[in-house]
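Understanding the architecture of this molecule
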Amino acid sequence: MKILVVRFSSIGDIVLTSSVVRAIKQQLPNTELHFLTKEQFSGIVSDNPHVDRVFTMKKSIDEVVDDLKIENYDWIIDLHNNIRTTSLKRKLGVKSTTFNKLNIRKFFLVKFKLNRMPKGHVVGRYFDAVKPLGVKNDELPGDYFIPEKDNVDTLAEFAINPSEYVSLAIGAQFKTKQMPVNLLVEIADASTKPVVIVGGVMDRNVALEVLAKTTNKHVINTCGDYSLNQSASIVAQSHKLVTNDTGMMHIAACFGVPIVSVWGNTTPDLGMYPYYPNQPEKISIHQVEGLNCRPCSKIGFQECPKKHFKCMNEQNVEAIVKSVNG
């Protein structure tokens, strides 16, 4: 059997598909599995040994549809479910199953604060899309494969042994998901272990501000200096990860790293909390309860629509620090 799995974006969502990819390959012997994603996210799946071939596109499925037709797939697993994947399935004309995004329920939660979302993780709904193939959820965390060249020697790079530091992931696609500088500084100040800040080039200025304000002399900024895989290697070796609702949170779960997650405008009720199906004790969730404006979006904004940003500014710092040092 030849199967095409489709998930265009983004980092966390693609990482969460890894459980389904693994289960397909392990439970359906002799299956050839291909993956279609956006070009900028191809590295997340290219080193996955359960994926036999990766197809990428920049903007349009028309860039790859002719190549995909040649493959003569037996089945398409649509784990994105949007207009483009609908068009793709129609053009390829093979059997398919589709992940239910529950957009109406999400709309009611965001717009009217009426929570009709099912209990459980979004990965469970990913697995619903492969039930017709007889594939079952193996109830294991996801996978993230780091090539040998991207493994970071923390002792050589930072003079810190693995498991003797806390990683602090400060980036996110939207500002309303990100912890503000004052909160990051308080966490860094209170950490009993060295802190390694991870993020991209766009997070460097925030990291430098944290470095300038923290009283902790053992804070290291890596933002913009390491690739995604290298940052993943740093996080994978850490004692704990403190993070926003972002892709690195889901990568950390693949390595069994305990996670202190801090939630702003989004909410775990949307089903995108760290995926530890059998080890919930590894997750610490921190959010401001009772705000009538939250969640204001299922993804986020570049600034707080209400201008007060209470979902982050009113976080219980003492509780977060207790989780970090516990």
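Parameters at a glance
- Residues numbered from 1 in each chain as written.
- Predicted model: local features only at pLDDT ≥ 70, side-chain atom pairs only at ≥ 80, totals over all residues.
- Heavy atoms only, no water.
- Helix = DSSP H or I, 4+ residues; strand = E, 2+ residues; numbered from the N terminus.
- Rg over C-alpha atoms; globule rule 2.2 N^0.38 Å.
- Buried < 20%, exposed > 50% of the residue type's maximum accessible area, 1.4 Å probe, protein only.
- Contact = heavy atoms within 4.5 Å.
- Areas by Shrake-Rupley, 256 points an atom, 1.4 Å probe, with all protein chains shown as cover.
- Pairing = 2+ DSSP bridges.
- Axes fitted to C-alpha atoms, helices over the stretch in contact; angles between N-to-C directions.
- Parallel < 35°, antiparallel > 145°, perpendicular 65-115°, else oblique.
- Left-handed = near helix turned anticlockwise from the far one by under 90°.
- Nonpolar A, V, L, I, M, F, W, Y, C, P; charged D, E, K, R; others polar.
- Phe/Tyr/Trp six-rings, centres within 6.5 Å; stacked < 30°, edge-to-face > 60°.

From N to C terminus, the protein chain includes 14 helices and 11 strands. Relative to its length of 326 residues, the protein chain is compact, with a C-alpha radius of gyration of 20 Å against a globular reference of 20 Å. Summarising its shape, the C-alpha atoms of the protein chain cover approximately 60 × 50 × 35 Å along the three principal directions. Going through the 326 residues of the protein chain one by one, you find that 54% of them count as buried. Across the protein chain, every contact between residues at least 6 apart in sequence was considered, and the portion connecting residues at least 24 apart equals 66%. Of the roughly 14,800 Å² that the protein chain leaves accessible, carbon and sulfur atoms contribute 51%.

A few words on the sheet that holds strand β1 (residues 2-6). Taking strand neighbours across the sheet as the criterion, the five strands line up as β3-β2-β1-β4-β5 in an open arrangement whose pairing is parallel. Looking along the sheet, the strands with just one partner apiece sit at the ends: β3 (53-57) and β5 (95-98). Averaged over all adjacent pairs, the angle separating strand axes in this sheet is 20°, with direction ignored. Judged from the four bridges that link them, strand β4 (residues 75-78) and β5 form a sheet pairing that is parallel.

What follows covers the sheet that holds strand β6 (residues 166-169). Spatial strand order, β8-β7-β6-β9-β10-β11: six strands in an open sheet with parallel pairing. Bordering the open sheet on either side are β8 (219-221) and β11 (283-286), each of which pairs with just one other strand. Looking at each pair of strands side by side, their axes are set apart by 20° on average, direction ignored. With three bridges joining them, strand β7 (residues 195-198) and β8 adopt parallel strand pairing.

The relative placement of two packed helices is expressed as an angle between their axes plus a distance between the axes. Two elements in contact, helix α9 (residues 181-190) and helix α10 (residues 204-213), have axes separated by 9 Å at closest approach and are oriented at 50°. In terms of orientation, α9 lies oblique with respect to α10. As α9 packs across α10, the resulting crossing turns out to be right-handed. Residues V181, L184 and V185 of α9 touch α10, and the partners they reach there are V206, E209, V210 and K213. A breakdown of the residues in the contact of α9 with α10 according to their chemical character gives five nonpolar, no polar and two charged.

Once that is clear, we can look at the packing of aromatic side chains. Applying the stated criterion across every chain, the model contains six aromatic pairs. Seen in terms of ring centroids, F107 and F112 are 5.8 Å apart; in terms of plane orientation they differ by 80°. Their pairing is edge-to-face. What links up through ring pairs into an aromatic cluster is the set F107, F108 and F112.

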